[in-house]
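What follows is the residue order along each chain.
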Amino acid sequence: MNTEKFNHVANAKGFIAALDQSGGSTPRALKAYGIEEDKYSNDTEMFDLIHEMRSRIIKSKAFTSKRILGAILFEKTMERKVEGKYTAEYLWEDKKITAFLKVDKGLKEEEDGVQLMKDIPNLEEMLQRALKHGVFGTKMRSVIKCANVEGIKKIVKQQFEIGKIIASHGLVPILEPEVSIKANDKAKCEEILKEEILKELGKLKDEKLMFKITLPEKANLYKEVIEHKNVVRVVALSGGYTREKANEMLAQNHGVVASFSRALVEGLNVHQSDSEFDKLLDESIESVYQASIK
């Protein structure tokens, strides 16, 4: 594991940018950016357009390690280039920003109030490619929709099992057991989730991992997780909240930093001039940064 990258992620002030929209979420991301579906006719054209958007964000003078610790990338983004370099290499060599790779393959159908991750058949090969590109860690997401204890136990167990495999390769996994903000019993889901996470953390040896959590109803709910010796950092997803609401909630959870996707790029548009784009991105990054360091 690269010590410089580890210390930056673990100790520096800042947040993690989530730039990992996959096939299912890319059309929504492009539409929010001002590109309608009639502007592309197949997946190749769609992924070309989303890479142009991500490259514009990454290359922006606002996007630096002074406020950004890392960026989560989609697999296709890792294999594409920015300014002639593969994306993860460009991020580290030119920006001193660490790269994380989204490794999950989507969600299974809901059962017991949760959606587990689908199997990841090519995990080993994907991790080897990630290491080759200098990727620091990974991210994988599952979703909790109601306070079903058995379902939440399954979510946590699956996340830890795969996380330990990833950690054994020298990568730092981000476990993301997202609690839906639409859950009627969201606070109860979060209480159960925290207890299950702490149980599994108690079984670890020297593995290092991170968590990406939904901003909780009870401020500082995850304090014990943040302070656990095996946890490098706890980050938060915006989960559908506006940037203003997400920042407000984030600022109430000390020790948690942002890992926003939609909330980070809110308002960016393909038709903006570079100066307009950079100004808006800078304002967005600054607001998320300030909420992350409170």
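Residues numbered from 1 in each chain as written. Predicted model: local features only at pLDDT ≥ 70, side-chain atom pairs only at ≥ 80, totals over all residues. Heavy atoms only, no water.

An unreviewed UniProt entry annotates the protein as fructose-bisphosphate aldolase of Gemelliphila asaccharolytica. As its UniProt record puts it under Pathway (unreviewed entry), the protein is described as follows: "Carbohydrate degradation; glycolysis; D-glyceraldehyde 3-phosphate and glycerone phosphate from D-glucose: step 4/4." Check the Sequence similarities (unreviewed entry) section of the UniProt entry for the protein; it says "Belongs to the class I fructose-bisphosphate aldolase family." (UniProt positions renumbered as here; feature names shortened; annotations may be inferred.)

A. Summary view of helix α7 (residues 149-167). Spanning 19 residues, α7 covers 27 Å between terminal C-alpha atoms, matching the ideal 27 Å at 1.5 Å per step. Those residues of α7 lying buried are Gly151, Ile152, Ile155, Val156, Gln158, Gln159, Phe160, Ile162, Gly163, Ile166 and Ala167. Considering only its buried residues, α7 is in contact with β6 (114-115), α6 (123-132), β7 (137-144), β8 (172-179), α8 (186-201) and β9 (209-214). (Helix = DSSP H or I, 4+ residues; strand = E, 2+ residues; numbered from the N terminus. Expected span 1.5 Å × (residues − 1). Buried < 20%, exposed > 50% of the residue type's maximum accessible area, 1.4 Å probe, protein only. Contact = heavy atoms within 4.5 Å.)

B. Main features of helix α12 (residues 274-292). In this model α12 runs 26 Å from its N-terminal to its C-terminal C-alpha over 19 residues, within 8% of the 27 Å that 1.5 Å per residue would give. Within α12 the residues assigned to the buried category are Phe277, Asp278, Leu281, Ser284, Ile285, Val288, Tyr289, Ala291 and Ser292. Each buried residue of α12 lies within a common arc of 160 degrees when the element is viewed along its axis, so the set occupies one face. Residues of α12 that are exposed and point over 90 degrees away from its buried face: Ser275 and Lys279. Looking at the buried side of α12, the elements it contacts are β1 (15-19), α3 (43-59), β2 (68-73), α10 (243-251), β11 (256-258) and α11 (262-265). (Arc of directions from axis to C-beta.)

C. Inspection of unusual backbone geometry at higher detail. In the Ramachandran plot, Lys96 falls in the positive-phi region, its phi being about 60 degrees despite a non-glycine side chain. Turning to its location among the elements, Lys96 is positioned in the loop between α5 (87-95) and β5 (98-102). Residue classification places Lys96 among the partly exposed positions, given a relative accessible area of 38%. The backbone phi angle of Asp112 is positive, close to 55 degrees, even though this residue is not glycine.

D. A look at the nonpolar core. With 98 residues, the main nonpolar core has Phe63 and Phe211 as its most contacted residues. For this core, the leading source of residues is α3, giving seven residues. For Phe63, the residues in contact, after removing those within four places along its chain, are Ala17, Leu19, Ile57, Ile58, Ile68, Ala71, Leu91, Lys95, Ile97 and Ile285. (Core = buried A, V, L, I, M, F, W, Y, C linked by side-chain atoms within 4.5 Å.)

E. Representation of the pattern of salt bridges within the structure. Under the defined criterion, the tally for this structure stands at 26 salt bridges. Among the salt bridges present, the one from Lys85 reaches Glu93, with a minimum N-O distance of 3.2 Å. By relative accessible area, Lys85 is classed as partly exposed at 31%. Since its relative accessible area comes to 48%, Glu93 is described here as partly exposed. Here Asp112 makes a salt bridge to Lys154, at a shortest N to O gap of 2.7 Å. (Salt bridge = Lys/Arg side-chain N within 4 Å of Asp/Glu carboxyl O.)

F. Spatial organisation of the packing of α3 against α5. Running from N to C, α3 and α5 point in directions that differ by 10 degrees, and their axes come no closer than 11 Å. Comparing the axis directions of α3 and α5 gives the class roughly parallel. Judged by the sense of rotation from one axis to the other, the crossing of α3 with α5 is right-handed. Residues His51, Ile58 and Lys59 of α3 pack against Thr87, Tyr90, Leu91 and Lys95 of α5. Of the residues in the contact of α3 with α5, the class split is three nonpolar, two polar and two charged. (Axes fitted to C-alpha atoms, helices over the stretch in contact; angles between N-to-C directions. Parallel < 35°, antiparallel > 145°, perpendicular 65-115°, else oblique. Left-handed = near helix turned anticlockwise from the far one by under 90°. Nonpolar A, V, L, I, M, F, W, Y, C, P; charged D, E, K, R; others polar.)

G. Inspection of the pairing of β7 at higher detail. Buried residues dominate β7, accounting for seven of its eight residues. As judged from the three bridges shared by β5 and β7, these two strands associate in the parallel manner. Looking at β7, one finds that Lys102 is bridged to Lys139. Pairing of β6 with β7 involves two bridges; the strand directions are antiparallel. Note on β7: the bridge partner recorded for Gln115 is Val143. Here β7 runs beside β8; their pairing, made up of eight bridges, is parallel. (Pairing = 2+ DSSP bridges.)

H. Layout of the packing of α7 against α8. Packing of α7 against α8 brings their axes to within 10 Å, and their N-to-C directions diverge by 40 degrees. When the interaxial angle is binned, α7 and α8 end up oblique. In the crossing of α7 with α8, the sense of the turn from one axis to the other is right-handed. Residues Val149, Ile152, Lys153, Val156 and Phe160 of α7 pack against Cys189, Ile192, Leu193, Glu196, Ile197, Glu200 and Leu201 of α8. Grouping the constituent residues of the contact of α7 with α8 by class yields nine nonpolar, no polar and three charged.

I. The arrangement of the layout of surface pockets in detail. Volume-wise, the largest pocket comes out at about 1,100 Å³. If you go around the largest pocket, you meet 40 residues; those closest to its centre are Ser25, Arg28, Arg141, Glu178 and Arg262. Contributing elements (two or more residues each) for the lining of the largest pocket: α2 (26-32), β7, β8 and α11. Looking at the lining of the largest pocket, its residues break down into 13 nonpolar, 13 polar and 14 charged. (1 Å grid on protein atoms, 1.4 Å probe; cavity = no way out; pocket = protein on both sides within 12 Å on 5 of 7 lines; lining within 4 Å. Points joined across faces, edges and corners; volume = space filled by probe spheres on them.)

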